[in-house]
Amino acid sequence: MDAVSSGAARPRVRMTGAQRRQQLLDIGRELFAQRGYEATSIEELAARADVSKPVVYEHFGGKEGLYAVVVDREMQRLLDRFASAFAAGGHPRDLLERAALVLLDYIEEDTDGFTVLSRDSPVTSASGTYSSLIGEVARKVEHILGSQFDARGYDRHLAELYSQALVGMVALVGQWWLETRTPGKREVAAHLVNLAYNGLAHLDPAPGLADAPES
């Protein structure tokens, strides 16, 4: 009986410190997305990783530390996506289209990450909260809009207002689309651009995107 029991026991996987840290981050990301910060316990985090609670404390100092690192990592991922999309500059309409698709792509491909970011954060991470991330994206947009305003003779000081409005609209629609997932991603992006670029007085009844559709 003892021999059978010991043979059936699951062997603990040995990992390097870096591998264990990454494992805990991945498990934390999933649990925080599913349950939220308050409902996630150190006990469950440790059980999922098949380690003792002191191992979690050793790597992150506790649940709060793990949560903060998860949030910082996801914020950087999303910022990197926006930075890459904005690197080429371009016409404001193209910029808005790329911004909408960046966020919707991230929601579709990294749903857990976006869910963690868009929840009300109970702790302060190094990068801040979802609202501060959106503010940073808006500042990048403001820089690009400022040059466009100069070229068209508009008041450059208004670029900040417009960038906050445009990015805020995309961010809120993204949170709504996280739950509904309908209509499709490209259709949502097209309607965002339609409203932002054409305005309510000149809405296109059948908007589309300027870039070629994905194959």
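Per an unreviewed UniProt entry, the protein chain carries the name Transcriptional regulator, TetR family and comes from Geodermatophilus ruber.

**A look at the packing of aromatic side chains**
Going through the model one piece at a time under the given rule, you end up with seven aromatic pairs. Seen in terms of ring centroids, F32 and Y67 are 4.9 Å apart; in terms of plane orientation they differ by 80°. Their pairing is edge-to-face. Of the two residues, F32 is situated in helix α2 (residues 17-35) and Y67 in helix α5 (residues 63-86); the sequence distance between them amounts to 35 residues. Residues F32 and Y67 agree in their burial class; the two are buried. Taken together, F32, Y37 and Y67 form an aromatic cluster joined through their ring pairs. Residue placement shows K63 over the ring face of Y37; its charged tip is 4.3 Å from the ring centre.

**Details of the UniProt feature "DNA-binding region" (unreviewed entry) in the protein chain**
Listed under "DNA-binding region" (unreviewed entry) in the UniProt record, and renumbered for this structure, are residues 41-60. Across residues 41-60, helical content stands at 80% and strand content at 0%; the span's end C-alpha atoms are separated by 14 Å.

**Considerations on the packing of α2 against helix α3 (residues 42-49)**
At a minimum axis separation of 10 Å, α2 and α3 run at an interaxial angle of 130°. With respect to each other, α2 and α3 are oriented oblique. The hand of the α2/α3 crossing is right-handed. Contacts between α2 and α3 involve R20, Q23, L24, I27, G28, E30, L31, Q34 and R35 on the former and, on the latter, E44, L45, R48 and A49. The residue makeup of the contact of α2 with α3, split by class, is five nonpolar, three polar and five charged.

**Concerning the packing of helix α6 (residues 92-109) against helix α8 (residues 130-152)**
The interhelical angle for the contact between α6 and α8, taken along N-to-C directions, is 160°, at an axis separation of 11 Å. Put simply, α6 runs roughly antiparallel to α8. The handedness of the crossing between α6 and α8 comes out as right-handed. Where α6 approaches α8, its residues P92, L95 and L103 are matched on the opposing element by Y130, V141, I144, L145 and Q148.

**Observations concerning the pattern of salt bridges**
Side chains carrying opposite charge are able to pair once their charged atoms draw close together. One pass over the full model with this rule turns up 14 salt bridges. Measuring nitrogen to oxygen at the nearest pair gives 3.1 Å for the salt bridge that ties R93 to E97. Taken together, the positions of R93 and E97, both in helix α6 and four residues apart, correspond to about one turn of that helix. A residue is classified by how much of its surface remains accessible, and R93, at 24% relative accessible area, is partly exposed.

**Points about a nonpolar patch on the surface**
A contiguous nonpolar surface patch, about 300 Å² in accessible area, is contributed by L158, L161 and Y162. Note on placement: L158 falls in the loop between α8 and α9 (159-180).

**Brief notes about α2**
Over its 19 residues, α2 runs 26 Å from end to end, which matches the ideal 27 Å to within 8%, given 1.5 Å per residue. Listing the buried residues of α2 in full gives R20, Q23, L24, L25, I27, G28, R29, L31, F32 and A33. Buried-residue contacts for α2 involve α3, α4 (53-60), α5 and α7 (111-118).

**A short note on α7**
Within α7, six of the eight residues are buried, which leaves the element mostly enclosed by the surrounding structure. For α7, the full list of buried residues reads G113, F114, T115, V116, L117 and S118. On the buried face of α7, the contacting elements are α2, α5, α6, α8 and α9.

About the cut-offs
- Positions within a chain are numbered from 1, following the residues in the order the chain's sequence is written.
- Per-residue local features of the predicted model are confined to residues with pLDDT of at least 70, and side-chain atom pairs are confined, for both listing and counting, to 80 or more; whole-chain, interface and lining totals are unaffected and use all residues.
- Each side-chain value is derived from all of the structure's non-hydrogen atoms; neither hydrogens nor water enter the calculation.
- Think of it this way: a Phe, Tyr or Trp ring, Trp meaning its six-membered ring, pairs with another when their centres are within 6.5 Å, and the plane angle makes it stacked under 30 degrees, edge-to-face over 60, tilted otherwise.
- Numbering of helices and strands starts at the N terminus; helices are DSSP runs of H or I of at least 4 residues and strands are runs of E of at least 2.
- Partly exposed describes any residue whose relative accessible area lies between the buried limit of under 20% and the exposed limit of over 50%, with all areas from a 1.4 Å probe on protein chains only and scaled to the type maximum.
- Distance and angle both matter: a charge sits over a ring if NZ of Lys or CZ of Arg is within 6 Å of the ring centre and within 35 degrees of the ring normal.
- UniProt positions are given in the numbering used here, feature names are shortened, and annotations may be inferred rather than shown by experiment.
- Orientation is described by lines fitted to C-alpha atoms, with helices fitted over the stretch in contact, and by angles between N-to-C directions that extend from 0 to 180 degrees.
- Small angles under 35 degrees read as roughly parallel and large ones over 145 as roughly antiparallel, with 65 to 115 read as roughly perpendicular and the rest as oblique.
- Each crossing is labelled by how the near helix is turned from the far one, with a counterclockwise turn of less than a right angle marking it left-handed and a clockwise turn marking it right-handed.
- By definition, residues are in contact when any of their heavy atoms lie within 4.5 Å.
- In this classification, Asp, Glu, Lys and Arg are treated as charged, Ala, Val, Leu, Ile, Met, Phe, Trp, Tyr, Cys and Pro as nonpolar, and every other residue, Gly included, as polar.
- Salt bridge, as used here: a side-chain nitrogen of Lys or Arg that lies within 4 Å of a carboxyl oxygen of Asp or Glu.
- Within this analysis, patches are made of residues with over 30% relative accessible area and no salt bridge. Like charges are joined at 9 Å or less; nonpolar side chains (Val, Leu, Ile, Met, Phe, Trp, Tyr) at 5 Å or less.
- Using a 1.4 Å probe, accessible areas were evaluated by the Shrake-Rupley method; residue-level cover was limited to the displayed protein chains.
- To estimate the expected span of a helix, subtract one from its residue number and multiply by 1.5 Å.

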